[in-house]
Amino acid sequence: MAATAAPWDVLLTGEELAHMEREPAHEARTVPLPDDLDPRLGEALRAGGVGALFTHQAEALAAARAGRHVLVATGTASGKTLAFNLPVLDTLAAEPKLRALYLYPTKALAQDQARSLAALAVPRVRAAIYDGDTEPEHRRHIRKWANVILTNPDMLSVGVLPHHDRWGDVLASLRYVVVDEAHVYRGVFGSHVANVLRRLRRLAAVYGSEPQFLLASATIGNPAELGAALIGSAVDVVDRDGAPRPERTIALWNPPLIDPELGLRGSALGEASRLLAGLVEQELRTICFTKSRKAAELVHRFTRERLGREFAERLSPYRAGYTPAQRRDIERRLVEGELLGVTATDALELGIDIGLLDCAISVGFPGTVASLRQQWGRAGRREAGLAVLVASEDALDQFFMREPEALLSRRAEAAILDHANPRILDGHVRAAAFEAPISDAGGAVLGAAAIERAEALAAQGELTRTPAGYAWAGRDYPAGRLSLRSASAGAIAVLDTATGQVLGSVEEERAPSTVHEGAVYLHLGESYRVLSLDLAARAALVEPFTGDYYTQTKRETLTAIEEEQRTEQRLGLDLSFGRVSVTEHVIAFQKRSIRTQEAFDLVALDLPPHTFDTEAVWFCPEQWMLDGLERMPTLLGTLHAAEHSLIALLPLWAMCDRWDIGGLSTNLHPQTGLPTIFVYDGHPGGVGITERGFERFEGWTEDTVRMLDGCPCERGCPSCVQSPKCGNLNEPLDKAGALTLLRRMLDAGS
């Protein structure tokens, strides 16, 4: 039976349409509301239009009632919120003196959940938000009165756990901890949050409670592993989605090729605005996701110019930097259908309820399949919907344009974290020792690595051994030093000289390459030029910048193998994984035109080298694999291009960004004595990214070969082997040599 024409089909024509397909609709699978729900909750649900449960909601309720920790990993708009609310609200309706703590990665999500709970109006449930915006005079009242407290991991770490004496009543009666958007807690942030949750569990035990954890996540590749890593205990996974799915059209849209030799394409922002304007003209409610607020504003402006005054009031951008009142107004206008086109940063990617949309456009692959599915899932929740990916010139984006099945049939990535990374763990051990002495018994929740670190910190004089365990020996407040978003204890503050405002912070090890004097620094999509970097004062001074160039550092990198932890024969060679130390020395920066990519200035820098320990995967190609490639500079270009292309494709196998990964290729490494390629975690200590690459090396290499083979350029371009973060300014690179080497590796493994 032929598919019926959709209103957007007239727009999806031309050479820019790289691929289009329709995902069929799925019927809902439901069961009646359980007879043994508290009558007050059942009445509130029916009044709100909930007369039955999706099968996964009923499964989650049954697992929670059995006393197990539960992680619900079903699709966007599948009712995960009700799945974790049901056991909580059912319990509190019967026993209102018990407490539940809800954790969200953003304040906006907590606000949205508070509205949902208020709308349900379940008797005896008293919900309140407790975060940095909560008025001081209201905080004591919330601790005494609320039985559902909504907050975020940062506030829990710095504002609740160190002051647990004020929270004794809450901790003693804590029955549930809800962790929503669990897939966000990966990498450095997730590793920190895993430690915060262990600190919470330990203090709850001190007060005599053992809370049950209910987690919700977008679809990811390793939900059981992520849940256990986050809370330190096994979880039951509920992932058989019973929610209905309307038909969805998926389109992959590639801007036209302007310069085939350089691999340059038309503007992704311009193409997105063209599609958005066409959809809005048909009165289709559309959201367009961009990677920065500057891009969101530009797409909005281009779309307004295309549509004229008739639609001007029905378009709006939505991004960080707006006041809460402005954001709430945009959300309201979206929900009520007043707005037709919204350009947004990923602030709207997470589960905020923004009403019924028809179409979702993603400008550039957002980094993970899970994030893309989250963005696309914002549209077509009740009726047929359209989901579009407009490609940038990035290697992954172009790979997907040529190999649509590599994107559309791929399982969501695995979310990786490492709570025992000493760079991250030490701060939490100090904070835990401040909260209550760490003993072998109580420390079991924190983990064996935490006990080891406590002993080491005691030997350094930071902790004191007492009869009750290891206690904090300092006079300050160790949780106050912790930034949950960074692996570094120290960070460089970025200060806007025009306003005196702190824009943000940069990890100390990244400062020389990102906020050196003369660098063009991007913050939330806005450009700034760095006036000075003072490493001793831990500050970088910047000013707003409107120039048409960007900067790229030139650096020398050395990698030393510290410990080879795993070596296996893979793809015809010895593949190794282990600990390495990386020394990076930024020696200059280059200016490049945004429009033409042409380099026009190289400026020397005088900065100290920086060394950090991390994890890496490395290999030495067999001599026969380099046959015909061994002359210089072909050998260096081959190894360098292979390193770049492997880094570009690793995000497909681990939930990370290419900026989380570094690499080094050399024709003669002093320790191996051979040509060697390293790919390493860019975060000190490592967070499991390259270990995931080691485990999936065959698939990772195969994808890389497909990417190189499919790119139409001859000598290498931004869509295959050139990297925006290359320390050698993308010289030398030999695309043909890299393809030959990697193909020979695959042949050896077949």
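Refer to the structure printed above.
Below is a short write-up of the structure. (Residues numbered from 1 in each chain as written. Predicted model: local features only at pLDDT ≥ 70, side-chain atom pairs only at ≥ 80, totals over all residues. Heavy atoms only, no water.)

So, on to the overall build of the chain. Each helix and strand in the chain was counted, giving 24 helices and 31 strands. In terms of C-alpha radius of gyration, the chain reaches 26 Å, essentially the compact-globule figure of 27 Å for 750 residues. Counting only C-alpha atoms and orienting by the principal axes, one finds that the chain spans roughly 75 × 70 × 60 Å. The burial tally for the chain puts 57% of its 750 residues in the buried class. (Helix = DSSP H or I, 4+ residues; strand = E, 2+ residues; numbered from the N terminus. Rg over C-alpha atoms; globule rule 2.2 N^0.38 Å. Buried < 20%, exposed > 50% of the residue type's maximum accessible area, 1.4 Å probe, protein only.)

The step from Met632 to Pro633 runs through a cis peptide bond, and the omega angle for that step is 5 degrees. With respect to the helices and strands, the residue Pro633 is situated in the loop between β29 (610-619) and α21 (634-649). Even without being a glycine, Ala121 presents a positive backbone phi close to 55 degrees. Ala121 gets classed as exposed once you look at its relative accessible area, which sits at 52%. Phi at Arg538 is positive, roughly 60 degrees, even though this residue is not glycine.

Moving on: helix α17 (residues 422-435). Taking 1.5 Å of rise per residue, the 14 residues of α17 would be expected to cover 20 Å, and the 19 Å separating its terminal C-alpha atoms lies within 8% of that figure. The buried count for α17 comes to 11 of 14 residues, which makes it a mostly enclosed element. By the burial criterion, the buried members of α17 are Ile424, Leu425, Asp426, Gly427, His428, Val429, Arg430, Ala431, Ala432, Ala433 and Glu435. Where α17 is buried, its residues contact α8 (187-206), α18 (443-446), α19 (448-459), β19 (463-466) and β20 (469-472). The opening residue of α17 is Asn421, an N-cap whose side-chain oxygen sits 2.9 Å from the backbone nitrogen of Arg423. (Expected span 1.5 Å × (residues − 1). Contact = heavy atoms within 4.5 Å. Polar contact = N/O pair within 3.5 Å; in protein donor to acceptor, adjacent residues only side chain to side chain.)

So, about the packing of helix α3 (residues 80-94) against helix α4 (residues 107-120). One can describe the packing of α3 onto α4 by two numbers: an axis separation of 13 Å at closest approach and a directional angle of 55 degrees. By the criterion of interaxial angle, the relationship of α3 to α4 is oblique. Viewed along their axes, α3 and α4 form a crossing whose handedness is right-handed. Here Thr81, Phe84, Asn85 and Leu89 of α3 come into contact with α4, specifically with Gln113, Leu117 and Leu120. In terms of residue class, the contact of α3 with α4 is made up of 4 nonpolar, 3 polar and no charged. (Axes fitted to C-alpha atoms, helices over the stretch in contact; angles between N-to-C directions. Parallel < 35°, antiparallel > 145°, perpendicular 65-115°, else oblique. Left-handed = near helix turned anticlockwise from the far one by under 90°. Nonpolar A, V, L, I, M, F, W, Y, C, P; charged D, E, K, R; others polar.)

On to the sheet that holds strand β6 (residues 127-129). What the 7 strands build is an open sheet, ordered β6-β7-β5-β8-β9-β4-β10; its pairing is parallel. Edge strands, defined here as strands with exactly one partner in the open sheet, are β6 and β10 (236-238). Ignoring which end each strand starts from, the neighbouring axes of this sheet average 20 degrees apart. Pairing analysis gives 4 bridges linking strand β5 (residues 99-103) to strand β7 (residues 148-151), with the strands arranged parallel. When the sheet's bridge partners are listed, Leu103 is paired in β7 with Thr151. (Pairing = 2+ DSSP bridges.)

Where helix α1 (residues 39-47) meets α3, the closest approach of the two axes is 8 Å, and the angle between their N-to-C directions is 135 degrees. In this view, α1 runs oblique relative to α3, as classed from their interaxial angle. Listed contacts from α3 to Arg40, Leu41 and Leu45 of α1 are Leu82, Leu86, Leu89, Asp90, Ala93 and Ala94.

The next point concerns the sheet that holds strand β1 (residues 17-23). Read from one edge of the open sheet, 7 strands run β1-β11-β18-β17-β14-β16-β15, paired in mixed fashion. Of all strands in the sheet, those with a lone pairing partner are β1 and β15 (315-318), marking the two edges. Neighbour to neighbour, the strand axes of the sheet diverge by 15 degrees on average, direction disregarded. Relative to strand β18 (residues 385-390), strand β17 (residues 359-363) runs parallel, the two sharing 5 bridges. Each residue of the ladder has a partner; that of Val363, found in β18, is Val390. Contacts from helix α15 (residues 395-402) reach β1, β11 (248-253) and β18 within the one sheet, and its direction differs from that of β11 by about 120 degrees.

On to the environment of Glu509. Among the secondary structure elements, Glu509 is positioned in the loop between β22 (502-507) and α20 (511-514). The exposure class of Glu509 is buried, given its relative accessible area of 7%. Taking C-alpha positions, Glu509 is 22 Å from Leu602, a pair spaced 93 residues apart along the chain.

On to the packing of aromatic side chains, then. According to the stated counting rule, one finds 13 aromatic pairs in the structure shown. Ring geometry for Phe697 against Trp700: centres 5.9 Å apart, planes inclined by 80 degrees, an arrangement best described as edge-to-face. Note that Phe697 and Trp700 are positioned in helix α23 (residues 697-710) at a spacing of 3 residues, about one turn of the helix. Assessed through its relative accessible area of 1%, Phe697 is described here as buried. Just above the ring of Tyr130 sits the side chain of Arg139; from NZ or CZ to the centre is 5.5 Å. A cation over an aromatic ring shows up here: Arg570 above the ring of Phe694, its NZ or CZ 5.2 Å from the ring centre. (Phe/Tyr/Trp six-rings, centres within 6.5 Å; stacked < 30°, edge-to-face > 60°. Lys NZ or Arg CZ within 6 Å of the ring centre and 35° of its normal.)

This part is about the nonpolar core. Core analysis: the biggest nonpolar cluster contains 63 residues, and Leu407, Trp700 and Met745 have the highest contact counts within it. Ranked by residues supplied to this core, first place goes to α21 with 8 residues. Here Trp700 is in contact with Val617, Leu646, Leu649, Leu650, Trp653, Val679 and Gly693, once residues within four sequence places are set aside. Residues Ala182, Ile220, Ile231 and Met655 belong to the second largest nonpolar core, which totals 42 residues. (Core = buried A, V, L, I, M, F, W, Y, C linked by side-chain atoms within 4.5 Å.)

On to the environment of Ala459. Inspection of the secondary structure puts Ala459 in helix α19. Ala459 sits in the exposed class, given a relative accessible area of 71%. The spatial distance from the C-alpha of Ala459 to the C-alpha of Ala121 is 54 Å, given a sequence separation of 338 residues.

Let us look at the side chain of Asn195. For Asn195, the position within the fold is in helix α8. On the basis of relative accessibility, which here comes to 3%, the residue Asn195 falls in the buried class. With sequence-adjacent residues up to four places away left out, Asn195 is seen in contact with His419, Ile424, Leu425 and His428.

Let us look at the pairing of strand β31 (residues 676-681). Most of β31 is tucked away: 6 of the 6 residues are buried. Direction of pairing for β29 relative to β31: antiparallel, over a ladder of 4 bridges. Residue Ala616 lies in a different strand from β31, and its bridge partner there is Tyr680. Strand direction decides the pairing type here: strand β30 (residues 661-666) and β31, joined by 6 bridges, are antiparallel. Bridging across to β31, Ile661 finds its partner in Asp681.

Across all of its chains, the model carries 32 salt bridges by this definition. Between Glu568 and Arg566 there is a salt bridge, with its nearest N and O atoms 3.9 Å apart. On the basis of relative accessible area, Glu568 is assigned to the partly exposed category, the value being 33%. The partner of Glu698 in a salt bridge is Arg570, with the nearest N and O atoms 2.7 Å apart. One end of the pair, Glu698, is in helix α23; the other, Arg570, is in strand β26 (residues 549-570), and 128 residues separate them in sequence. A relative accessible area of 9% means that Arg570 is categorised as buried. Through salt bridges that share partners, Arg566, Glu568, Arg570, Glu691, Glu695 and Glu698 make up one connected network. (Salt bridge = Lys/Arg side-chain N within 4 Å of Asp/Glu carboxyl O.)

Any link to function would need more than the numbers given here.
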